[in-house]
Amino acid sequence: MKVAEAVGRALYAAGVGQVFGVVGSGNFHLTNAMVAAGSRFVAARHEGGAATMADAYARMSGTVAALSVHQGPGLTNAMTGIAEAAKSRTPLLVLAAEVTEPRSNFYVDQEALARSVGAVSARVTSAEDAVTEALDAVRRAVCERRTVLLNLPLGVQALDVPDALAGESALAVVPPERAPVEPEFADVEALVRVLEKSRRPVFVAGRGARSPGARDALVALAERHGALLATSAVARGLFHGDPWSLDVSGGFASPLAAALIQEADLIVGWGCALNMWTMRHGRLIGPDSTVVQVDDDASALGAHREVHLGVTGDVELTARRALETHDANRQPQQGEQAQQGHRAQQRQQSRQGFRTADIGASIAARVRWPDVPYDDTSTRERIDPRTLSVALDDILPAERVIGVDSGNFMGYPSMYLSVPDENGLCFTQAFQSIGLGLATAIGAALARPDRLPVAALGDGGAMMGAAEFDTVRRLGLPMVVVVYNDDAYGAEVHHFGPDGHPLETVEFPSTDIAAVARGYGFEAVTVRTRVDLKAVEDWLAGPRSAPLLIDAKVVADRGAWWLEEAFRGH
């Protein structure tokens with residue numbers, strides 16, 4: 001058995017069941033070995049798309065996914081998607097063939113490429129160690145939540161694995177899941193003291209809190225201390241339906257949400273970086289506010305801003321330990337009857353905090369962007385993106401999974417389209433690259449086949465990633481692709497235009513993107529007014545045998561509300 005086959009079989013046995021990629025000569029045998037063993041392979045039309053599909057699949061499935069690419073250009077084509085995954089700490093395994101002869105036209109320093117974008121590099125070095133080295137790469141991806149580039153030199157791939165080791169490749173030990181980090185007792189006690197002192201606490205949950213267990217623990221702790229609940233953009237939907245949820249904190253926050261967060265005397269980031277986006281460059285933190293951060297990675301504590309207390313621990317465990325410590329401090333009585341009385345006492349002990357009747361009424365009426373009044377600027381030729389998004393939210397099924405590209409438009413689908421839970425929005429924006437949205441939606445759709453996939457794109461990102469329209473149609477995905485089409489790179493238009501700069505480099509002639517989609521086998525509709533969305537309703541009521549693209553000609557007279565916040569980071 002050759003190394004390529006042994007490694008492929010071992011990776012499948014280790015739990016790598018989903019692979020994306022573009023196959024060339026260098027990764028042909030490895031990819032086929034994984035497919036023969038049982039992995040599902042999805043062929044993308046471009047390695048960049050394949051990388052983002054794998055990233056999105058891993059995020060939404062909670063499993064490690066793999067990307068398979070050819071040596072040299074296959075890897076360089078995928079680097080933007082790999083950078084996004086690495087910056088987001090996605091457990092992703094990149095399988096790249098490698099040439100080691102510098103005179104080869106395919107030669108690049110692949111290890112340096114990985115390091116330059118924050119990924120981890122590993123290599124298969126011999127026939128004897130190939131399986132062990134491959135499994136170590138999977139373990140590192142899973143247990144350290146890292147994007148790992150596993151280089152597979154062509155010469156090593158072609159070697160024969162010793163007979164005594166060949167059988168072991170099919171019996172690979174599945175890497176353990178990342179063990180939850182138990183917080184220190186003293187840190188939990190310090191957290192409880194801060195919570196008990198607070199009168200206006202706000203919890204902001206991030207990527208590290210995206211699980212039902214963490215959500216339930218945070219909801220219970222927030223109720224005990226009267227805290228309001230918010231999320232970063234990547235965790236949007238975690239507190240969906242909770243009457244004390246402010247939705248998203250940061251640049252996407254509604255005016256009411258931003259005002260309430262600014263009034264907080266305590267902000268606790270739970271698995272959340274509290275970076276410039278989530279805290280609006282610190283402007284959401286009041287001058288007298290205490291800042292606490294809980295993360296299972298000690299290096300994340302205080303990485304973006306000074307914190308008054310940092311707790312190293314798993315979000316769910318830390319929240320539950322805080323509840324237990326709070327209860328223990330109340331010295332409960334003994335016996336069943338006494339325990340019942342204690343539980344009643346606990347309910348009574350839940351502080352009002354930020355949860356007043358007036359604030360509850362305001363949240364119910366004004367915290368969601370669709371509830372914020374606006375002047376509809378729609379014309380007969382172009383639809384206001386807010387009007388479009390509100391209408392789509394009403395039309396599309398509630399059980400949905402949304403992938404959003406980057407650009408001036410991105411706040412509208414991200415905030416006006418509701419999501420049922422933390423698995424309803426796949427937000428690949430750590431690198432802020434346009435062109436990833438369609439591939440994001442494909443990966444998310446494959447991870448969540450129970451939901452309607454929705455890709456929200458700008459016209460620039462749609463044209464950049466158009467090759468993957470073929471992948472959507474080939475896979476038979478019943479996807480809705482919404483293109484917010486303003487015939488420009490809108491972010492640059494609205495950032496530089498007011499200062500009188502020439503805009504010819506960022507504006508384009510009108511493109512019939514609906515016609516482009518039909519060429520790939522889509523059904524398509526051009527939307528200029530609310531009435532044109534009747535075609536979307538008809539598609540939803542039909543067999544959905546082909547994907548649907550909505551070429552929405554949107555008003556382009558203003559920048560999005562979040563755009564000013566975004567450019568503060570440049």
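Calculation rules
- Residues numbered from 1 in each chain as written.
- Predicted model: local features only at pLDDT ≥ 70, side-chain atom pairs only at ≥ 80, totals over all residues.
- Heavy atoms only, no water.
- Buried < 20%, exposed > 50% of the residue type's maximum accessible area, 1.4 Å probe, protein only.
- Helix = DSSP H or I, 4+ residues; strand = E, 2+ residues; numbered from the N terminus.
- Pairing = 2+ DSSP bridges.
- Right-handed = clockwise from strand over helix to strand, strands pointing away.
- Arc of directions from axis to C-beta.
- Contact = heavy atoms within 4.5 Å.
- Axes fitted to C-alpha atoms, helices over the stretch in contact; angles between N-to-C directions.
- Core = buried A, V, L, I, M, F, W, Y, C linked by side-chain atoms within 4.5 Å.
- Salt bridge = Lys/Arg side-chain N within 4 Å of Asp/Glu carboxyl O.

*Asks:* Tell me about the pairing of strand 10 (residues 266-270), and please be specific about residues and values.
*Replies:* Two faces make up the sheet, and in a regular strand the side chains alternate between them. Counting buried positions along strand 10 yields five of five residues, so the element is predominantly enclosed. With burial as the criterion, each face of strand 10 is covered, one bearing Leu 266, Val 268 and Trp 270 and the other bearing Ile 267 and Gly 269. Sheet topology note: the strand 7 (residues 201-205)/strand 10 ladder contains five bridges and is parallel. When the bridges of strand 10 are listed, Val 202 appears paired with Ile 267. Judged from the five bridges that link them, strand 10 and strand 11 (residues 290-295) form a sheet pairing that is parallel. In the sheet register, Gly 269 faces strand 11, and the bridge partner there is Gln 293.

*Asks:* Got a sec to walk through the pairing of strand 5 (residues 120-123)? Specific residues and values, please.
*Replies:* Relative to strand 6 (residues 147-153), strand 5 runs parallel, the two sharing four bridges. Counted as the bridge partner of Ala 122 is Leu 150 from strand 6. This β-α-β element, strand 5 to helix 7 (residues 130-143) to strand 6, shows right-handed connectivity.

*Asks:* So what's going on with helix 15 (residues 357-366)? Which residues, and what values?
*Replies:* Taken together, the buried positions of helix 15 are Ile 359, Gly 360 and Ile 363. Projected down its long axis, helix 15 carries its buried residues within an arc of 100 degrees, all on one side. Those residues of helix 15 that are exposed and aimed more than 90 degrees away from the buried face are Ala 357 and Asp 358. For helix 15, the secondary structure elements touched by its buried residues are strand 8 (228-231), strand 9 (245-248) and helix 12 (255-263).

*Asks:* Can you explain the sheet that holds strand 7? Please cite residues and give values.
*Replies:* Pairing in this open sheet of six strands is parallel, and the strands run 9-8-7-10-11-12 from one edge to the other. Pairing within the sheet leaves two strands with one partner each, and these edge strands are strand 9 and strand 12 (309-312). Taken over all neighbouring pairs, the strand axes of this sheet differ in orientation by 15 degrees on average, direction set aside. Packed onto the sheet, helix 12 meets strand 7, strand 8, strand 9 and strand 10 and runs at close to 110 degrees relative to strand 9.

*Asks:* Go over unusual backbone geometry, please, and point to the residues and values.
*Replies:* You will see that Asp 487, though not glycine, has its phi angle at about 60 degrees, which is positive. Relative to the elements of secondary structure, Asp 487 occurs in the loop between strand 16 (480-485) and helix 21 (490-496). Here the phi dihedral of Arg 544 falls at roughly 55 degrees; this positive angle occurs in a residue that is not glycine. Within the secondary structure, Arg 544 sits in the loop between helix 23 (534-541) and strand 18 (548-553).

*Asks:* Pulling in residues and values, what's your account of the sheet that holds strand 1 (residues 18-21)?
*Replies:* Across the sheet, which stays open at both edges, the six strands sit in the order 2-1-3-4-6-5 with parallel pairing between neighbours. Across the chains shown, the open sheet's two edge strands, defined by having one partner strand only, are strand 2 (40-43) and strand 5. Shown here is a sheet whose adjacent strand axes are inclined to one another by a mean of 25 degrees, direction ignored. Strands strand 4 (92-98), strand 5 and strand 6 of the sheet are contacted by helix 7, whose axis makes an angle of about 165 degrees with strand 6.

*Asks:* Please set out the nonpolar core residue by residue, giving values where relevant.
*Replies:* Core analysis: the largest hydrophobic core is formed by 54 residues, its most contacted members being Leu 67, Ile 82, Leu 438, Met 479, Val 481 and Leu 549. When near neighbours in sequence (up to four residues on either side) are disregarded, Leu 549 contacts Phe 469, Val 481, Val 483, Ile 513, Ala 514, Ala 517, Phe 522, Glu 523, Ala 524 and Val 525. With 43 residues, the next largest nonpolar core counts Ile 383, Leu 388, Tyr 412 and Val 554 among its residues.

*Asks:* Would you mind going over the pattern of salt bridges in detail, with residue names and values included?
*Replies:* Scanning the model with the defined rule gives 32 salt bridges in all. Salt-bridge contacts for Asp 371 lead to Arg 368; the nearest nitrogen and oxygen are separated by 3.1 Å. Given the relative accessible area of 35%, Arg 368 is considered partly exposed. Asp 450 is paired through a salt bridge with Arg 448; the nearest N and O atoms lie 2.8 Å apart. A relative accessible area of 16% means that Arg 448 is categorised as buried. Look at the salt bridges and you will find they share partners, linking Glu 98, Glu 111, Arg 115 and Arg 123 into a network.

*Asks:* I'd love a proper account of the environment of Leu 392, names of residues and values included.
*Replies:* Summarising the element assignment, Leu 392 is placed in helix 16 (residues 385-395). Residue Leu 392 is classed as buried on the basis of its relative accessible area, which comes to 0%. Discounting residues that sit within four places of it in the chain, Leu 392 has contacts with Leu 417, Val 482, Leu 533 and Ile 550.

*Asks:* Any details on the side chain of Arg 386? Residues and values, ideally.
*Replies:* Mapping Arg 386 onto the fold places it in helix 16. According to the relative accessible area criterion, Arg 386 is buried, its value standing at 12%. Contacts of Arg 386, omitting those with residues within four sequence positions, involve Tyr 374, Asp 375, Thr 377, Tyr 412, Tyr 416 and Arg 558.

*Asks:* Now, about helix 5 (residues 79-87): what can you tell me, with residues and values included?
*Replies:* Judged by how many residues are buried, helix 5 sits mostly within the fold: seven of nine residues are covered. Residues Met 79, Gly 81, Ile 82, Ala 83, Glu 84, Ala 85 and Ala 86 constitute the buried set of helix 5. Looking at the buried positions of helix 5, the neighbouring elements they touch are helix 3 (47-61), strand 3 (65-69), helix 4 (73-77), strand 4, helix 6 (110-116) and strand 6. At the exit of helix 5 stands Arg 89, carrying a positive phi of roughly 55 degrees.

Everything listed here is a matter of geometry and, on its own, says nothing about what the molecule does.
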